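One letter stands for each residue in the lines below.
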Amino acid sequence: MFWKKLRNFRIKDANFQNVPPQTAYTMILVGMIHFMVLASAFIDLRYIEQYNWGIFQSLGLESTFQLPLMAGVMIFDALLMIYGVYLLKHVEHHDDKDDLPDKDSLR
């Protein structure tokens, strides 16, 4: 019963996908830039934690949730980028030829 409902689940209202492509590109770029900045800081902190425990302890990071929180925000950034790509693939395409008036019309 649950699996049948899960297989039949469809998004009935697709109006949320009627966003301009700039929104999707913005989500991808912001997610990518934020992910790269956090990833470089995360790698540095992990390196300090593994090889320079005294410095890591003097920074006051040994009993905090700094590293797991950074990993969680990086996962959120990755999901933001994936959703931006999803929106970009499903954005409603408008034909440019509809914007031009008909050659026989008076408009």
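Residues numbered from 1 in each chain as written. Predicted model: local features only at pLDDT ≥ 70, side-chain atom pairs only at ≥ 80, totals over all residues. Heavy atoms only, no water.

1. Digging into the confidence of the model for the protein chain
Okay, step 1: Scored by pLDDT, the protein chain comes out at a mean of 81, with 75% of its residues at no less than 70.
Okay, step 2: Averaged pLDDT values over the elements of the protein chain bottom out at 72 in helix H1 (residues 2-7) and peak at 93 in helix H2 (residues 21-51). (pLDDT = per-residue confidence, 0-100. Helix = DSSP H or I, 4+ residues; strand = E, 2+ residues; numbered from the N terminus.)

2. Regarding the nonpolar core
Okay, step 1: Membership of the largest hydrophobic core is limited to nine residues, which are Leu38, Ala39, Phe42, Leu45, Phe56, Leu61, Leu67, Met70 and Met74.
Okay, step 2: Listing elements by their share of this core, those giving two or more residues are H2 and helix H4 (66-90).
Okay, step 3: The element best represented in this core is H2, accounting for four residues. (Core = buried A, V, L, I, M, F, W, Y, C linked by side-chain atoms within 4.5 Å. Buried < 20%, exposed > 50% of the residue type's maximum accessible area, 1.4 Å probe, protein only.)

3. Thoughts on the packing of aromatic side chains
Okay, step 1: Scanning the model with the defined rule gives three aromatic pairs in all.
Okay, step 2: On the basis of an interplanar angle of 50 degrees and a centroid distance of 4.9 Å, the ring pair of tyrosine 47 and tyrosine 51 is categorised as tilted. Here tyrosine 51 and tyrosine 47 lie together in helix H2, a separation of four residues that amounts to about one turn.
Okay, step 3: Residue tyrosine 51 is classed as exposed on the basis of its relative accessible area, which comes to 56%.
Okay, step 4: Relative to tyrosine 86, the ring of tyrosine 83 lies with its centre 5.9 Å away and its plane at 25 degrees, an arrangement referred to as stacked. Residue tyrosine 83 and its partner tyrosine 86 are located together in helix H4, separated by three residues, close to a single helical turn. (Phe/Tyr/Trp six-rings, centres within 6.5 Å; stacked < 30°, edge-to-face > 60°.)

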